[in-house]
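Structural description and commentary
Single-letter residue listing:
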Amino acid sequence: MKQSYKTIIGLEVHARLDTKSKMFCSCDNLSDGVEPNTNVCEICMGHPGSLPVANRIAIDWTLRSGLAFHCTIPLFSKFDRKNYFYPDLSKGYQISQYDLPFCTNGYLEVDGNKKIRIQRIHLEEDAAKNTHPSGEKYSFIDFNRAGTPLMEIVSEPDIDTPQQARQYMQELQKILRYLGVSRADMEKGHMRCDANINVKDMESGRVTGIIEIKNMNSFRSVERSLLFEEKRLCEKLESGEKLETKKATYRWDDEKGETFIMREKEEASDYRYFPEPDIPPFTFEKQDIETIKKSIPELPQEKVSRFQKEFGLNKNDAELLTAQKDRAAFFEQAVSELLEWSSSEGMKKNETEKLIQTSTNYIFTELLRYLKEKSLTFSDLKAHPEDFAELMKMTFQKEINSSATQRVLNIMIQKGGDPSEIVKSENLAQVSDEGELEKVVLKVIDEHEGPVKDFHKGKERALQFLIGMVMKQTHGKANPQIVKQLLEKLLKT
Ligand code: ZN
Ligand code: MN
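This report concerns the structure included in the present document. (Residues numbered from 1 in each chain as written. Chains lettered and ligands numbered in written order. Predicted model: local features only at pLDDT ≥ 70, side-chain atom pairs only at ≥ 80, totals over all residues. Heavy atoms only, no water.)

Side note on the sheet that holds strand 4 (residues 93–96)
Sheet strands associate in pairs through backbone hydrogen bonding, adopting either a parallel or an antiparallel arrangement. Judged by pairing direction, the sheet is antiparallel, and its three strands sit side by side in the order 4-3-14 without closing on themselves. The strands lining the two open edges of the sheet, one partner per strand, are strand 4 and strand 14 (274–275). Note: strand 3 (residues 80–83) against strand 14, two bridges, orientation antiparallel. Residue pairing in the sheet places Asp-80 in a bridge with Pro-275 of strand 14. (Pairing = 2+ DSSP bridges. Helix = DSSP H or I, 4+ residues; strand = E, 2+ residues; numbered from the N terminus.)

Right, dumping it as structure tokens:
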């Protein structure tokens, strides 16, 4: 890519809101996987004479999202009809918002400090889902999805690279999940994205037409499809050929790893928007908006900096711990137990930080690995944060050694339970009693003449070997520090 070329990307993201009922009727909105065309009524099918009623929760959640993205909430708003003919739309129009969306002029930060402006967030209803069985001459239409609430988040063309587009989507997903308004799962179609891209030569001023890409169902495909188009558009600029000025729509084929043209885009005016006559417009009081503002929980970026400050974590660890809300909650609950304990014990600051770091490491190595393997999250975990904290205390006080900690943790992950009881029932308590250990140490010295000689010749590895033998004879329960001290003492006499 030439130095003077600038990539310009804007994203339109549709996120399904997880309200109980659909946008304008009382049909179940959380009925994924039920028999097609069973979860419908005269309103979401658009039978003549049926009257839509706006879902208040969906509106509140849209405002909540808007406020989380630093948007302005206009005090007056309305729904409009967007008219078009397509088989997924039995009414012949979609209820959406045209010139007075619920939220305007916000932003989202990615990559530490890059601000991507959000032009608007509006609320609308989803259409039916079409499927095209391959090789057949017919298609299926499932109206269960018709009328489900969709929030459309439109960014300004502030995104500079395909990779940044992916970061924007990931941050958006994280925030929507923190807000509890959408599962925002791209693979399941809860969050969908249309990307607009064009490339401009800043030297000559030549600019390509805008390409809209549809049908990406993962973060990876967002980035890949944009990389594909970026390259294609750069080659167009390079070749000096006449540039298309009309906007064109392409579909992404994830298997082939390329885009193909779908259609040339209609202009907005083709939709003949007009105010929805069946739903009166909305006026909001400043006070309503303040109340919604207060319902916004602490968001990921705020949590990252607080975790760094309060718990002495580095940024990487803090980001990993806050990537999911329930993960952050688990960590925070466990750590608050540990902090209480450490202050009651009068522990020093560096000791406390060590305790937290050890616990963080166990979360990353044991818990996260397990959850990833099973594609679960922390809320599925059988182990309670209090019990996890208890186990960390026991480990820290050397009541059990690290291999026993791992074993207890594995049991806790799968079955839950109190760690001290698991230690008892599994007979894992660490042996620190010198008298008891001395017997074993003497026996090991007696049985291993060779390594004992090696030790006397100054071979450090021989000592490690003898420690290992003691650990083996005690089934891993001996306190290794004490074993080491005893061996050093007894070998010298
Ligand atoms: Zn319905
Ligand atoms: Mn839309």
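Some words on the environment of Leu-321
As for its placement among the helices and strands, Leu-321 is situated in helix 6 (residues 315–322). Under the relative-accessibility criterion, Leu-321 is labelled buried at 0%. Beyond its immediate sequence surroundings of up to four residues, Leu-321 is in contact with Phe-307, Leu-313, Arg-327, Ala-328, Phe-331, Thr-360, Ile-363 and Phe-364. (Buried < 20%, exposed > 50% of the residue type's maximum accessible area, 1.4 Å probe, protein only. Contact = heavy atoms within 4.5 Å.)

Remarks on the coordination of the zinc ion (ligand 1)
Six octahedral donors around a metal ideally subtend angles of 90 or 180 degrees, whereas four tetrahedral donors ideally subtend 109.5 degrees. Within the protein, the zinc ion (ligand 1) binds to Cys-25 (SG), Cys-27 (SG), Cys-41 (SG) and Cys-44 (SG); these donor distances fall in the range 2.3 to 2.4 Å. Considering all four donor atoms around the zinc ion (ligand 1), the spread of angles at the metal, 104 to 115°, places the coordination shape in the tetrahedral class. The sequence motif formed by the donor residues of the zinc ion (ligand 1) is C-x1-C-x13-C-x2-C. Of this pair, Cys-25 sits in the loop between strand 1 (5–16) and helix 1 (56–68) while Cys-41 is found in the loop between strand 1 and helix 1, placing the two residues 16 residues apart along the sequence. (Donors = N, O, S within 2.8 Å, 3.2 Å for Na, K, Ca; no water. Tetrahedral: all angles 85-135°; square planar, octahedral: opposite > 155°, others 65-115°.)

Details of helix 14 (residues 460–473)
With 14 residues, helix 14 ought to run about 20 Å at 1.5 Å a step, and its terminal C-alpha atoms sit 21 Å apart, in line with that. Within helix 14, burial applies to Ala-462, Leu-463, Leu-466, Ile-467, Met-469, Val-470 and Met-471. Looking at the buried positions of helix 14, the neighbouring elements they touch are helix 12 (434–447), helix 13 (449–456) and helix 15 (480–492). With its phi angle positive at about 55°, His-475 sits one or two positions after the end of helix 14. (Expected span 1.5 Å × (residues − 1).)

Points about the packing of helix 1 against helix 4 (residues 286–294)
In the contact formed by helix 1 and helix 4, the axes pass within 9 Å of each other and the chain directions differ by 70°. Of the possible angle classes, the one that applies to helix 1 and helix 4 is roughly perpendicular. Touching Asp-60, Leu-63, Arg-64 and Leu-67 of helix 1 are Ile-289, Ile-292 and Lys-293, all from helix 4. Residues that form the contact of helix 1 with helix 4 fall into these classes: four nonpolar, no polar and three charged. (Axes fitted to C-alpha atoms, helices over the stretch in contact; angles between N-to-C directions. Parallel < 35°, antiparallel > 145°, perpendicular 65-115°, else oblique. Nonpolar A, V, L, I, M, F, W, Y, C, P; charged D, E, K, R; others polar.)

Section: the packing of helix 2 (residues 162–179) against helix 5 (residues 300–311)
Contact geometry for helix 2 and helix 5: axes closest at 10 Å, N-to-C directions at 90°. Here helix 2 lies roughly perpendicular to helix 5, going by the angle between them. Residues Glu-171, Lys-174, Ile-175 and Tyr-178 of helix 2 pack against Pro-300, Gln-301 and Lys-303 of helix 5. Each residue belonging to the contact of helix 2 with helix 5 can be placed in one class, and the counts come to three nonpolar, one polar and three charged.

Quick notes on the environment of Asp-433
Structurally, Asp-433 is set in the loop between helix 11 (419–425) and helix 12. A polar atom in the side chain of Asp-433 sits 3.3 Å from the backbone nitrogen of Gly-435. (Polar contact = N/O pair within 3.5 Å; in protein donor to acceptor, adjacent residues only side chain to side chain.)

Structural measurements only, silent on function.
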